[in-house]
Amino acid sequence: MTEENSANPFFTASTLPCQLPDFAAIEVAHYLPAFEYGFAQQLAEIAAITEQGAAATFENTVVAMERSGAVLTRVANVFFNIASSDGTPEILAIEEAIAPRLAAHSDTVLLNAALYQRMLAVPEDGLDAESLRLLQEYRKSFTRAGVGLDPAGQERLRELNAQLSALGTQFSHKVTQAGNDAAIYVVDPAELDGLSPDDLATAAAAARTAGHAEGYLLTLILPTAQPALEVISNRETRKKLHLASVNRGSAAADAAELTLAATMASLRAEKAALLGFASDAERSIEPQTAPSLTAVHAMLSPIAEAAVRNARAEAEKLAAAAGHAIEAWDWAYYSEQIRRDEYGVDLAALRPWFELNNVLEQGVFYAATQLYGVSFTERHDLLGYHPEVRIWEINNADGSTLGLFVGDYFTRSTKRGGAWMNSFVEQSALEGTHAVVVNNLNIPQPPEGEPTLLTFDEVVTCFHEFGHALHGLFSSVTYPKFSGPDVPRDFVEYPSQVNEMWILWPEVLANYAKHYLTGEALPEGTVDKLQAAALWGQGFATTEYLGAALLDLAWYELAPGEPVADPLAFEAAALAAAGVDLPAVPPRYRTGYFNHIFAGGYAAGYYSYLWSEVLDADTVAWFKANGGLSRENGEHFRTTLLSRGFAIDPLEAFRDFAGRDADPAPLLTRRGLV
């Protein structure tokens, strides 16, 4: 290590609490040298494993592998969160350069025949259950990566992985830019009638930030549905906003996203064939909790049929209320009218009761305290990677350290859309580390000094993402490979969805839903009205979700050598074949901005939200049947499931929690499908 590199903050573990990255010391110039050193360090560590004369043992092979690559892990955990949450041009350029190199490095490790042979030679006798599982999972990792291919096959696999990594990075960058470019600029406030004064102020602030001397800017969130469509009365403005949303990545000016998507689907089909699978969907689902691609379709198809039937009935009701046929840009507006008129629920009018700090500290954190006994202390002395980032220290009920929680809540032009959880540091008894996790959301920034009032959907997202955070924070495993949410993709959404149940739990709601000016509680009967209205709109919600899930599967069920010349025609045909091609209910994501499946690790996996919801709905029923919000229930859920990570089979963990296999009935009831 040179004297210059010794100053690189990634080369040694941070001395800050819980090894929080030292963001005050990290500079852009540190990333590439840290990646370079990290690559070289891990390859040297692997060479030491494979070249030693001693026979393979669990300690000198498997544990040594687990400990390898510390610098690479540190820099990657920080860098890729920064690239997503504050991706300046300089950062994005580094990402485009490093992503294919990281893929190539992974191939070098997992296609190392000598390392694989040592893994095979490690004796299984005497290993505890978690250690045996670690050995078995490493063996699977090598075979899934293609270690059994001949040299020509491995070379082609390396090429494909490098290409896919580079193209995925490009796609993500283009989606962010297309979203920024598609924001709707409005000069006349009359065109925005229906927006609250706070929303208008936020739109005006966004326009100033974008360089407009006057007017308003409606920025886009990542999914198709835009919140402002629920309240803007001007139909032409709604149409402009909706078309801006659905045409991202599809218009002539930015159709490169479609070309990238089709190319990636084709390359993934070739990769699947190389590894012995009929399609990439089969390859992607093989390590998940779903037993097969056939099983996924068997679940989704009947739900799609029922959901579309419900959506058509909803459309008829909306048309009657509107006095004209319903277009996609009308649906949310008239749906909210029915929610107000028939159920007495006006979600937009509830925003003054959902102030961000109250939602977080008196809602999200309060529910965690009541369930698990944990306490939160905001650490103003610890610096995040951006001035808007906040950090909380979390302790267990006995005062011991649990970890750190990092919150980054506001949208900005350098942040990709959506919401997500990442880990800066993963819990591991082997390394003696506590978890440091981050939640990213995309809440519009209000003018300085004004409160941040959330939509109900944003409240849901706060609770949801913190469910992911709890999965990471409560991890209690030995090996980093099994830490927290490092579980199959179709299980990872389960704990986060469960955490949404506390949003309307009476004692939680009463603690956080207070008017930001008066401190008054929500009007009496609001929860009853919200619950009565819960089934309204489920036809739309389920259909738009399934449109995206089934489109995802269609892209990755392509056979090798089956290129897609016209991605939009392919998309239309896929939705029609699945029976979810309702013009007024576009999929939650269209191909041109489906970041989850082309750049976010969810290829052939978007079905997982509904797959996980079976477990979620059943778990909510369990909590209700066993006394609800109590320390006893929280400890049981934490001990049997949240703490286990991937150290045991996830469905076994669910059985340990519930005492049985999951029952799909609560999901069908929740979705209005019975």
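Up top is the structure.
Source: prediction; values computed, not measured.

Colleague: Even after reading the chapter, I still don't get the packing of aromatic side chains, so can you show me in this structure?
Modeller: Two descriptors summarise a pair of aromatic rings, namely the distance from one centre to the other and the angle between the planes of the rings. For the structure on display, the rule yields 48 aromatic pairs. Here the aromatic rings of Phe 35 and Phe 80 are separated by 6.1 Å at their centres, their planes lie at 70°, and the arrangement is edge-to-face. Taken together, the residues span a long stretch of sequence, with Phe 35 in helix H1 (residues 28–51) and Phe 80 in helix H3 (residues 70–85) at a distance of 45 residues. Judged by its relative accessible area of 0%, Phe 35 falls in the buried class. On the accessibility criterion, Phe 80 (24% relative accessible area) is partly exposed. Between the aromatic rings of Phe 365 and Phe 466, the centroid separation amounts to 5.5 Å while the plane-to-plane angle is 50°, which identifies the pairing as tilted. Separated by 101 residues along the polypeptide, Phe 365 in helix H14 (residues 356–372) and Phe 466 in helix H15 (residues 456–473) bring together distant segments of the chain. For the pair Phe 365 and Phe 466, a shared accessibility class is recorded, and that class is buried. Here the guanidinium or amino end of Arg 133 rests over the ring plane of Phe 646, the centre of that ring lying 4.3 Å away. The ring of Tyr 593 has Arg 248 sitting right over it, with the charged end atom 4.1 Å from the ring centre.

Colleague: Explain the side chain of Thr 543 here, please?
Modeller: Of note, Thr 543 is situated in helix H19 (residues 538–556). Filtering out sequence-adjacent residues up to four positions away, Thr 543 remains in contact with Ala 307, Val 308, Ala 311 and Val 585.

Colleague: Help me understand the packing of helix H12 (residues 293–322) against H19 in this model?
Modeller: Describing two packed helices takes the angle between their axes plus the distance from one axis to the other. Relative to each other, H12 and H19 sit at 145°, their axes nearing to 8 Å. Handedness of the H12/H19 crossing: left-handed. Across the interface between the two elements, Leu 293, Val 296, His 297, Leu 300, Ile 303, Ala 304, Ala 307, Val 308, Asn 310, Ala 311 and Glu 314 from H12 touch Gln 538, Gly 539, Phe 540, Thr 542, Thr 543, Leu 546, Leu 550 and Leu 553 from H19.

Colleague: Honestly, the sheet that holds strand S6 (residues 420–425) in this entry has me stumped. Any pointers?
Modeller: With mixed pairing, the 5 strands of this open sheet are ordered in space as S3-S4-S5-S7-S6. The two strands at the open ends of the sheet, each matched to only one other strand, are strand S3 (375–378) and S6. Across the sheet, the axes of successive neighbouring strands diverge by a mean angle of 25°, strand direction being ignored. Sheet topology note: the S3/strand S4 (residues 390–395) ladder contains 4 bridges and is antiparallel.

Colleague: Even after reading the chapter, I still don't get the environment of Val 527, so can you show me in this structure?
Modeller: Turning to its location among the elements, Val 527 is positioned in helix H18 (residues 526–532). Between the C-alpha atoms of Val 527 and Pro 560, which are 33 residues apart in sequence, the distance is 52 Å. When neighbours within four sequence positions are excluded, Val 527 is seen to be in contact with Leu 504 and Leu 509.

Colleague: Is there a simple way to think about the nonpolar core in this case?
Modeller: Within soluble globular proteins, side chains that are nonpolar tend to cluster in buried spots. The biggest cluster of nonpolar side chains holds 163 residues, and the ones touching the most others in it are Phe 354, Trp 502, Tyr 512 and Trp 555. Sequence-distant contacts of Tyr 512, that is, excluding residues within four places in its chain, are made with Trp 353, Phe 354, Asn 358, Val 359, Gln 362, Gly 363, Val 459, Phe 463 and Ile 503. If you look at the next biggest cluster of nonpolar residues, it comprises 31 residues, including Phe 10, Val 71, Val 78 and Phe 79.

Colleague: I'm lost on empty space enclosed by the protein in this one. Help?
Modeller: A water-sized probe, rolled over the atoms, reveals where empty space remains. Using the criterion set out here, one finds 1 cavity of 30 Å³ or more in the structure. Every residue lining the largest cavity is listed: Tyr 372, Gly 467, Leu 470, Pro 495, Val 498, Asn 499, Trp 502, Phe 637 and Leu 642. Going through the elements one at a time, H15 and helix H16 (489–498) are the ones with two or more residues in the lining of the largest cavity. Counted by class, the lining of the largest cavity contains 7 nonpolar, 2 polar and no charged residues.

Colleague: Where do I start with unusual backbone geometry in this structure?
Modeller: For residues besides glycine, phi is generally negative; the peptide bonds are generally trans as well. Within the chain, Cys 18 stands out as a residue other than glycine whose phi angle is a positive 60°. With respect to the helices and strands, the residue Cys 18 is situated in the segment before H1. The class of Cys 18 is buried, set by a relative accessible area of 16%.

Colleague: I would appreciate a short explanation of the pairing of S6 in the present structure.
Modeller: Every regular strand shows the same layout, with side chains that alternate between the two sheet faces. The buried fraction of S6 is high, at 5 of 6 residues. In this sheet, strand S7 (residues 435–443) lies alongside S6 in antiparallel orientation, the contact comprising 5 bridges. Paired with Met 421 across the strands is Asn 439, a residue of S7.

Colleague: I tried to follow the packing of H1 against H3 on my own but got confused; where do I start?
Modeller: Taken N-terminus to C-terminus, the directions of H1 and H3 make an angle of 145°; their axes are 8 Å apart at the nearest point. Every pair of crossing elements has a handedness; the one defined by H1 and H3 is left-handed. Residues Tyr 31, Ala 34, Phe 35, Tyr 37, Gly 38, Phe 39, Gln 41 and Gln 42 of H1 pack against Ala 70, Val 71, Leu 72, Val 75, Ala 76, Val 78, Phe 79, Phe 80 and Ile 82 of H3. In terms of residue class, the contact of H1 with H3 is built from 14 nonpolar, 3 polar and no charged.

Colleague: Help me understand the pairing of strand S5 (residues 401–410), please; the structure alone is not making it clear to me.
Modeller: For S5, a buried count of 9 out of 10 residues is recorded, marking the element as mostly surrounded by other parts of the structure. Pairing between S4 and S5: 6 bridges, direction antiparallel. Note that in S5 the partner of Ile 394 across the bridge is Gly 403. Linking S4 to S5, which pair antiparallel, is a turn of 5 residues; within it Gly 399 sits at a positive phi near 90°. Here 7 bridges tie S5 to S7, and the two strands are oriented parallel to one another. Looking at S7, one finds that Asp 408 is bridged to Asn 440.

Colleague: Would you mind going over the layout of surface pockets with me for this structure?
Modeller: Each pocket or cavity is described by its volume, and for the second largest pocket that value is around 340 Å³. As for the second largest pocket, its lining consists of 17 residues, of which Trp 611, Val 614, Leu 615, Leu 651 and Ala 662 are closest to the centre. Only H12, H16, helix H22 (608–625), helix H24 (650–658) and helix H25 (665–670) provide two or more residues apiece to the lining of the second largest pocket. Classifying every residue of the lining of the second largest pocket gives 13 nonpolar, 1 polar and 3 charged.

Conventions we followed
- Residues numbered from 1 in each chain as written.
- Predicted model: local features only at pLDDT ≥ 70, side-chain atom pairs only at ≥ 80, totals over all residues.
- Heavy atoms only, no water.
- Phe/Tyr/Trp six-rings, centres within 6.5 Å; stacked < 30°, edge-to-face > 60°.
- Helix = DSSP H or I, 4+ residues; strand = E, 2+ residues; numbered from the N terminus.
- Buried < 20%, exposed > 50% of the residue type's maximum accessible area, 1.4 Å probe, protein only.
- Lys NZ or Arg CZ within 6 Å of the ring centre and 35° of its normal.
- Contact = heavy atoms within 4.5 Å.
- Axes fitted to C-alpha atoms, helices over the stretch in contact; angles between N-to-C directions.
- Left-handed = near helix turned anticlockwise from the far one by under 90°.
- Pairing = 2+ DSSP bridges.
- Core = buried A, V, L, I, M, F, W, Y, C linked by side-chain atoms within 4.5 Å.
- 1 Å grid on protein atoms, 1.4 Å probe; cavity = no way out; pocket = protein on both sides within 12 Å on 5 of 7 lines; lining within 4 Å.
- Points joined across faces, edges and corners; volume = space filled by probe spheres on them.
- Nonpolar A, V, L, I, M, F, W, Y, C, P; charged D, E, K, R; others polar.

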